[in-house]
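The residues making up each chain are set out below.
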Amino acid sequence: MSDALDAFLDTALAARKPNHAAARLGGPLIKRAFFDRTLQGALVTKSNTSDLVTATDKAVEALVKAHILSVFPDHGFVGEETFDALAPSASTQEYVWVIDPVDGTTNFVHGFPFTCISIGLVKDGVSIVGVVLNPILNETYYAAKGTGAFLLDPEGVRHVLPLHGLKPWAGFEGSLVSTEYGYERDERLDSKLTSLTRILKAPTRGIRSLGSAALEACYTARGTFDLYWEAGVHMWDVAASAVIIEEAGGAIANFVPFSQNPDGSEFVDLKQRKFIFVRPIPGGREEAWKVVRQLRDHLETLEYQRD
């Protein structure tokens, strides 16, 4: 790992100095408020009653932002709770930290233990560092570009992702898949249900919804889910998990191809808001991309404004 990547990852994760890491500064706030809901403050709805924010979301984001910018004052910062689509300058700098302070806020509010803090570092539009910490289950997923992807379990033991090694692709009929319905209650929900029905009838072995995009992507990287797709998420939902899935050997793609890299591979647009994740498969990433192309044939095209 380069010295710069090492410094970036240490700022987000700080395995050597856990009390000085952005993720580990925010984690205890989430955990305390998860078990004592009086600490969550007033529950506020954004676009509708399924789109929630708490005082904890705001407090964690402020804490993480202050820590990161104290270490890297020349970097940009994009957080879910302070993002301003009309003032995008922070997301155009060379290095940009992209944060979801509490991914899975509805889970957090209702006491369902799949909630996390997601911290990604993006360089020129590409995720290079990612940390996803679930402080309730005490699981941390992390990766830096070119160094592999890992899980720190509740005992602090580090595991290489995928957890149980590579297993062959068994088709949709042998797959456990994951998706989310989002908070829209308009015709876009109808399109999502149409896609879901097509995939269930493919047929598919089973479907799960954890309520956290970052965790569902990490569960795909670890090999629990065979694939995960979702439309309507934001860049702060996927910036960390994008590098985690790639470093694990899997694939991340947009619903609609964005552009090509010089080597002919697809460039992933982190602002498109429509993503597919496929677990690592024997034969390399190209095998995972074959699954991406198969899944695209089942998905409805939905329109969202880019981040």
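Scope of this entry: the structure provided in the associated data block. (Residues numbered from 1 in each chain as written. Predicted model: local features only at pLDDT ≥ 70, side-chain atom pairs only at ≥ 80, totals over all residues. Heavy atoms only, no water.)

1. Some details on the nonpolar core
Thinking step 1. Core analysis: the largest hydrophobic core is formed by 38 residues, its most contacted members being Val132, Tyr141, Leu161, Ile244 and Phe277.
Thinking step 2. Taken together, the elements giving at least two residues each to this core come down to strand 4 (95-103), strand 5 (116-123), strand 7 (139-144), strand 8 (149-152), helix 6 (213-221), helix 7 (235-248) and strand 16 (274-278).
Thinking step 3. It is helix 7 that contributes the most residues to this core, ten residues altogether.
Thinking step 4. Ala23, Tyr95, Leu133 and Ile136 belong to the second-largest nonpolar core, a separate cluster that totals 34 residues. (Core = buried A, V, L, I, M, F, W, Y, C linked by side-chain atoms within 4.5 Å. Buried < 20%, exposed > 50% of the residue type's maximum accessible area, 1.4 Å probe, protein only. Helix = DSSP H or I, 4+ residues; strand = E, 2+ residues; numbered from the N terminus.)

2. Observations regarding the packing of helix 6 against helix 7
Thinking step 1. The contact between helix 6 and helix 7 brings their axes to 9 Å, and the two run at 0 degrees. On the basis of their axis angle, the class for helix 6 and helix 7 is roughly parallel. Between helix 6, through Ala213, Ala214, Ala217, Cys218, Thr220 and Ala221, and helix 7, the contact on the second element is made entirely by Asp237, Ser241, Ile244, Ile245 and Ala248. (Axes fitted to C-alpha atoms, helices over the stretch in contact; angles between N-to-C directions. Parallel < 35°, antiparallel > 145°, perpendicular 65-115°, else oblique. Contact = heavy atoms within 4.5 Å.)

3. Description of helix 6
Helical periodicity: at 3.6 residues per turn, an α-helix aligns residues three or four positions apart in one direction.
Thinking step 1. Here helix 6 lies mainly inside the structure; nine of its nine residues are buried.
Thinking step 2. Three or more residues of helix 6 are buried, namely Ala213, Ala214, Leu215, Glu216, Ala217, Cys218, Tyr219, Thr220 and Ala221.
Thinking step 3. Looking one or two residues past helix 6, Gly223 carries a phi angle of roughly 95 degrees, positive in sign.

4. Topic: the sheet that holds strand 11 (residues 206-208)
Thinking step 1. The five strands lie next to each other as 11-10-12-16-13, forming an open sheet whose pairing is mixed. Only two strands of the sheet have a single neighbouring strand rather than two, namely strand 11 and strand 13 (251-254). Shown here is a sheet whose adjacent strand axes are inclined to one another by a mean of 20 degrees, direction ignored.
Thinking step 2. Strand direction decides the pairing type here: strand 13 and strand 16, joined by four bridges, are antiparallel. What sits directly across from Asn254, in strand 16, is Phe275. (Pairing = 2+ DSSP bridges.)

5. Looking at the sheet that holds strand 8
Thinking step 1. Pairing in this open sheet of seven strands is mixed, and the strands run 3-4-5-6-7-8-9 from one edge to the other. Strands with a single pairing partner mark the edges of an open sheet, and in this sheet they are strand 3 (76-79) and strand 9 (158-160). Strand-to-strand, the axes of this sheet are offset by a mean angle of 20 degrees, without reference to chain direction.
Thinking step 2. Pairing between strand 4 and strand 5: seven bridges, direction antiparallel. Bridging across to strand 5, Val98 finds its partner in Gly120.

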